[in-house]
Amino acid sequence: MRVRIDTGRCVGAGQCERAAPTVFRQDEDGVGGVLDRTPPPAVWEEVREAEDLCPARAVLLSGDGTGDGTGAGAGAAAPPTGRDA
């Protein structure tokens, strides 16, 4: 699994950091960032929860082990609009 945040889309809700604090962080302006771009399988469930909870769909996952090869989850449906973190 690879993890990114579309910082142009992020609204600073903080749901990613709350769901997976070892993978995500917010900067001083509240914009989400990624601490671990390739988190271990032990936290994949938390990362998927962060993707599902993000109101802006800024958490983007790829190669998430679903078997379809796309890694397309709820947040991966729309293309990035800004800088990826």
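Just above sits the structure.
The rules behind the values
Residues numbered from 1 in each chain as written. Predicted model: local features only at pLDDT ≥ 70, side-chain atom pairs only at ≥ 80, totals over all residues. Heavy atoms only, no water. Helix = DSSP H or I, 4+ residues; strand = E, 2+ residues; numbered from the N terminus. Buried < 20%, exposed > 50% of the residue type's maximum accessible area, 1.4 Å probe, protein only. Contact = heavy atoms within 4.5 Å. Areas by Shrake-Rupley, 256 points an atom, 1.4 Å probe, with all protein chains shown as cover. Pairing = 2+ DSSP bridges. Arc of directions from axis to C-beta. Core = buried A, V, L, I, M, F, W, Y, C linked by side-chain atoms within 4.5 Å.

Q: Can you walk me through the overall build of the chain in this structure?
A: Within the chain, the regular secondary structure consists of two helices and four strands. Out of the 85 residues belonging to the chain, those deemed buried represent 39%. Contacts in the chain between residues at least 24 apart in sequence constitute 59% of all its contacts with a sequence separation of at least 6. Summed over all atoms, the accessible surface of the chain reaches about 4500 Å², with 49% contributed by carbon and sulfur.

Q: Whenever I open this one, the pairing of strand β1 (residues 2–5) confuses me. Can you help?
A: A regular strand places its side chains so that they alternate between the two faces of the sheet. Side chains of β1 alternate between two faces, with V3 and I5 buried and R2 and R4 left unburied. In the sheet, β1 pairs with strand β4 (residues 59–62) via four bridges, with the strands oriented antiparallel. Paired with V3 across the two strands is L61, which belongs to β4.

Q: Would you take a moment to explain unusual backbone geometry for this structure?
A: Leaving glycine out, the prevailing phi sign among residues is negative, and the prevailing peptide bond configuration is trans. A positive phi angle, near 55 degrees, is found at R57, a position not held by glycine. Tracing the backbone shows R57 in the loop between α2 (44–53) and β4.

Q: Help me out: how do you make sense of α2 in this one?
A: Turn by turn, an α-helix covers 3.6 residues, leaving residues three or four places apart pointing in a common direction. Listed as buried for α2 are W44, V47, A50 and E51. One side of α2 carries all its buried residues, which in axial view fall inside an arc of 115 degrees. Those residues of α2 that are buried are in contact with β1, α1 (15–19), β2 (24–26) and β4.

Q: What is the right way to look at the nonpolar core in this model?
A: Burial of nonpolar side chains together is a common tendency in soluble globular proteins. In terms of nonpolar packing, the biggest core is built from 19 residues, with V3, I5, V23, F24 and V47 touching the most fellow members. Secondary-structure elements contributing two or more residues to this core are β1, α1, α2 and β4. No other element matches the three residues that α2 contributes to this core.

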